[in-house]
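Now for the letters of each chain:
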Amino acid sequence: MAHSAPAISSNTGVAAKLGKAIGAALLDTVEAYGEISFTVERSKLATVLDKLRDKHEYQQLVEIAGVDYPDRPERFEVCYHLLSLTRNHRIRVKVSTDEDSPVPSVTHIWEVAGWLEREVFDMYGDLFDGNTDLRRILTDYGFQGHPFRKDFPLTGYVEMRYSEEAKRVVYEPVKLAQDFRSFDFMSPWEGADYILPGDEKVGGEAPPPTPKTTEDKDDTGAGDKANKEAAKPSKRDEADVETPAPKRTKSGTQKKGEGK
């Protein structure tokens, strides 16, 4: 017998109940789009999450996500997504921080937080006080910067290649072969004074392709050397010339030595 999954619990009364349980550490509560978010003091984060897990049955840490708001004094938000398996309900807990102020690690509450905190550190540069293995986890060795920051250039700071001279992978400052800021979106190459196939959509008309033709059947179109090779008789033609076809008689094919 098939069992349907239980419906997600209603948010009715949850924000008020949990907000009261969080107490003085609560800075803000937002309920929108069917989701409840609590912003708490950074220094009280571990205490709040521990209480939500043990006293309010939010047993599972699903994700830790970073957000970057460069215009804010504390530009980063670290968001903890919690799931209650018994209530079938989700909430979000957030803290704010800057580039220098560490966020308390929650690896002592959930072991999986170790990997998740490393991801946020790698992508945003947020520090986690108490994480004893805070290393990069998604980017390569020697990577510079944090890719998910809003001020991180799309091209990065360094590029990687294999050096035949050094016989190893080397890192070098990024050098763009083309200036993307003056890229011509109407055609893939700058300076073309003719219409390329595909540009007819912007007002022009692409020329039809010109088929390759030759006036002489011996002309291959690949140059004199190829033409001379093409003009030579094939082995099959030579065999036809050297071996004449047998003569026919009324009784059939003439045998060897007959009809002389």
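The structure we're discussing is the one just above.
A. Molecular detail of the pairing of strand β1 (residues 26–32). One ladder, built from six bridges, connects β1 with strand β2 (residues 35–40); its direction is antiparallel. The partner of Glu 31 across the bridge, within β2, is Ile 36. Here β1 folds back onto β2, and the loop between the two strands holds two residues, one of which, Tyr 33, carries a positive phi near 55°.

B. Structural view of the sheet that holds β2. Taken in spatial order, the five strands of this open sheet run β1-β2-β5-β4-β3, and their pairing is mixed. With partners counted over all chains shown, the strands left at the sheet margins are β1 and β3 (60–68), one partner each. Across this sheet, the average inter-strand angle for adjacent strands is 20°, counted without regard to direction. Both β2 and strand β5 (residues 89–97) contribute to a ladder of three bridges, which runs parallel. Bridge pairing in β5 places Ser 37 opposite Arg 92. Across the sheet, helix α2 (residues 45–54) lies against β2, β4 (76–84) and β5, angled at about 175° from β5, the strand it touches most.

Thresholds applied
Residues numbered from 1 in each chain as written. Predicted model: local features only at pLDDT ≥ 70, side-chain atom pairs only at ≥ 80, totals over all residues. Heavy atoms only, no water. Pairing = 2+ DSSP bridges. Helix = DSSP H or I, 4+ residues; strand = E, 2+ residues; numbered from the N terminus. Axes fitted to C-alpha atoms, helices over the stretch in contact; angles between N-to-C directions. Contact = heavy atoms within 4.5 Å.

Limitation: the analysis is restricted to geometry and does not speak to function.
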